[in-house]
Amino acid sequence: VQLQASGGGLVQAGDSLRFSCAASGDTFRMRYISWFRQAPGKERSFVAAIKWSGGSTFYADSVKGRFAISGDKAKNTVYLQMNNLRPEDTAVYYCAADPSVIQSNVANRSAYRYWGQGTQVTVSS
């Protein structure tokens, strides 16, 4: 499985951005595709996930109501729409997937073997 992320940038607080994560390879084995982020000096943390079959979504508390994850099966692409960005959202964002991930471990970064390259978001105040 290969994951290609895109869409980062430098924005101001309150702005919006949309990330894309294009998946290729054995994507049919993936139950969930997720986004994580890593701020400077911090551990990589869960942001959002979408169940590829059925479309159920899951969010970290810190982004609920501001971020929305969605998927386009025809394009094998997952999107992360980020609204009302805050300086604390500044981080490198990664998409991730693994066939072993289930709902109970969807937020556990250690469960994922396949990662896209990171894409930087910097939010200025």
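Just so it is clear, the structure is predicted and the values come from calculations on it, not from any experiment.

Each helix and strand counted, the protein chain has 0 helices and 11 strands in total. Each helix and strand of the protein chain, placed in order from N terminus to C terminus, yields the pattern β-β-β-β-β-β-β-β-β-β-β. For 125 residues, the compact-globule estimate of 2.2 N^0.38 gives 14 Å, and the protein chain sits close to it at 13 Å. In terms of principal-axis extent, the alpha carbons of the protein chain reach across some 40 × 30 × 25 Å. Residue burial in the protein chain is summarised as follows: out of 125 residues, 42% are buried. Contacts in the protein chain between residues far apart in sequence, at least 24 positions, make up 56% of those at least 6 positions apart. Surface exposure of the protein chain reaches about 6200 Å², of which carbon and sulfur atoms provide 45%.

Applying the stated criterion across every chain yields a total of 1 disulfide. In this model, Cys21 is linked to Cys95 through a disulfide, with the two sulfur atoms separated by 2.2 Å. Its torsion about the S-S bond being 75°, the disulfide of Cys21 and Cys95 is classed as right-handed. One end of the pair, Cys21, is in strand β3 (residues 17–24); the other, Cys95, is in strand β9 (residues 91–97), and 74 residues separate them in sequence.

In this section: the sheet that holds strand β7 (residues 67–72). The strand order across the open sheet formed by 4 strands is β1-β3-β8-β7, and the pairing between neighbours is antiparallel. Here the strands that pair on one side only, and so sit at the sheet edges, are β1 (2–6) and β7. Strand-to-strand twist in this sheet, taken as the mean axis angle between neighbours without regard to direction, amounts to 15°.

The subject of this paragraph is the pattern of salt bridges. Scanning the entire structure with this criterion turns up 5 salt bridges. A salt bridge links Arg109 to Glu43; the nearest nitrogen and oxygen atoms lie 3.4 Å apart. Placement of Arg109 in the loop between β9 and β10 (114–115) and of Glu43 in the loop between β4 (32–38) and β5 (45–51) is noted, with a sequence separation of 66 residues between them. With a relative accessible area of 34%, Arg109 lands in the partly exposed category. Using a relative accessible area of 58% as the deciding quantity, one classes Glu43 as exposed. Between Arg66 and Asp89 there is a salt bridge whose closest N-O contact spans 2.7 Å.

About the thresholds
Residues numbered from 1 in each chain as written. Predicted model: local features only at pLDDT ≥ 70, side-chain atom pairs only at ≥ 80, totals over all residues. Heavy atoms only, no water. Helix = DSSP H or I, 4+ residues; strand = E, 2+ residues; numbered from the N terminus. Rg over C-alpha atoms; globule rule 2.2 N^0.38 Å. Buried < 20%, exposed > 50% of the residue type's maximum accessible area, 1.4 Å probe, protein only. Contact = heavy atoms within 4.5 Å. Areas by Shrake-Rupley, 256 points an atom, 1.4 Å probe, with all protein chains shown as cover. Disulfide = S-S within 2.5 Å. Pairing = 2+ DSSP bridges. Axes fitted to C-alpha atoms, helices over the stretch in contact; angles between N-to-C directions. Salt bridge = Lys/Arg side-chain N within 4 Å of Asp/Glu carboxyl O.

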